[in-house]
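Take a look at the letters that make up each chain.
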Amino acid sequence: MKKSEKIWMDGKLVAWDEANVHVLTHTLHYGLGAFEGIRCYATDGGGSAIFRLGEHTKRFFESAKILQIDIPYSEAEVDKATVDIIKANKLEECYIRSLVFLGDGAMGIFPKDNPVRVALAAWEWGAYLGEDGLSNGIRAKVSSFARHHVNSAMTKSKTTGAYFNSILSKREVVSAGYDEAIMLDTDGYVSEASGENIFMVKNGRIKTTSLTSILKGITRDSVMRIAADLEIEVTEQRFTRDELYTADEVFLTGTAAEVTPVREIDDRKIGAGKRGPITERIQKIYFDAVKGRAPQYESWLTRI
Ligand code: PMP
């Protein structure tokens, strides 16, 4: 990873290498913490813009609320800190990671009065699933690990500890030679990928999984809006892995992965085995939006 200079930690800017925690940090042991992943893009007209900052900050607070963690800052303060960390590191394009966690103090399951700590880091990060994946599509495999049941790890929270499930899935499929893991829910229906939401296209119509066992992706929401503006029908519903095999197009959405086409799933070619035409149209508008070339989506940008 490409280091930046500063990290925002508990209200102060500290040097990258000094943003450290004690080994008895509660969240390090039990995983009760929440995070966000945000992107900032260089825009065509000059200057940078954070994509959908307000929605990310809101989800950050909602994740913490689900976990009964009180973030000791207001949403406006976190918004400002996000802008500050980009400026402090003089970054034009970057990925921003916000994290809220319980510090050291009491040990054991019950975090009585452990301090709630917040950190924000920003660094340069290119295409998460590769530049080639963005244009030619990736190869995915359905993981043998099911996505969390909604009543164990509640999937509307971006809970740090819950990501062990994504890591195991990702490792499983990467070691088998694939790029990304698709996960099924505990009833066996398609849920999402290890760090992305999933869409399928069949006969000109788009389907994406309903909100039951998935994270409510901000890219997912952006893509649904773009599709609606293109007058392409999008429904949110459960579907099965064999519907994916016989789809015309499949693509994944996420802040890190952006809009990435899937060209193969479980060794079955999807559609023509390359980025499909609807995926390409949506992907193009998505990149126009994030790079400030789409006036109709200007309200999604926080220009800095
Ligand atoms: N699902 C999971 C499990 C994720 O980690 C992410 C990435 N945050 C997403 C979906 C996509 O969410 P977003 O578009 O808000 O980045």
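Above this note sits the structure.
Rules behind the numbers
- Residues numbered from 1 in each chain as written.
- Predicted model: local features only at pLDDT ≥ 70, side-chain atom pairs only at ≥ 80, totals over all residues.
- Heavy atoms only, no water.
- Phe/Tyr/Trp six-rings, centres within 6.5 Å; stacked < 30°, edge-to-face > 60°.
- Helix = DSSP H or I, 4+ residues; strand = E, 2+ residues; numbered from the N terminus.
- Buried < 20%, exposed > 50% of the residue type's maximum accessible area, 1.4 Å probe, protein only.
- Lys NZ or Arg CZ within 6 Å of the ring centre and 35° of its normal.
- Salt bridge = Lys/Arg side-chain N within 4 Å of Asp/Glu carboxyl O.

Participant: Outline the packing of aromatic side chains, listing residues and values.
Facilitator: Here the structure, examined in full by the defined rule, presents 13 aromatic pairs. Taking 6.4 Å as the distance between ring centres and 90° as the angle between the ring planes, the aromatic pair formed by W16 and W123 counts as edge-to-face. Taken together, the positions of W16 in the loop between β2 (12-15) and α1 (26-30) and W123 in strand β6 (residues 116-123) put the pair 107 residues apart, joining distant regions of the chain. Of the two residues examined, W16 and W123, each falls in the buried class. Ring geometry for Y286 against F287: centres 5.8 Å apart, planes inclined by 70°, an arrangement best described as edge-to-face. Each member of the pair, Y286 together with F287, is buried. Three or more aromatic residues link up through ring pairs in this structure, and these residues are W16, Y95, W123, W125 and Y128. Geometry around Y245 places R268 over its ring, the cationic atom sitting 4.2 Å from the centre.

Participant: Any chance you could break down the pattern of salt bridges for me, citing the residues and the numbers?
Facilitator: Should the charged atoms of two oppositely charged side chains come close, the side chains can pair. Inspection of the entire model under this criterion finds 26 salt bridges. We note a salt bridge from E93 to K291, for which the minimum N-O separation is 3.8 Å. Of the two residues, E93 sits in the loop between α3 (75-88) and β5 (94-102) while K291 sits in the loop between α8 (277-290) and β16 (301-303), which places them 198 residues apart along the sequence. A single salt-bridge network, built from bridges that share partners, covers D44, K284, D288 and R293.

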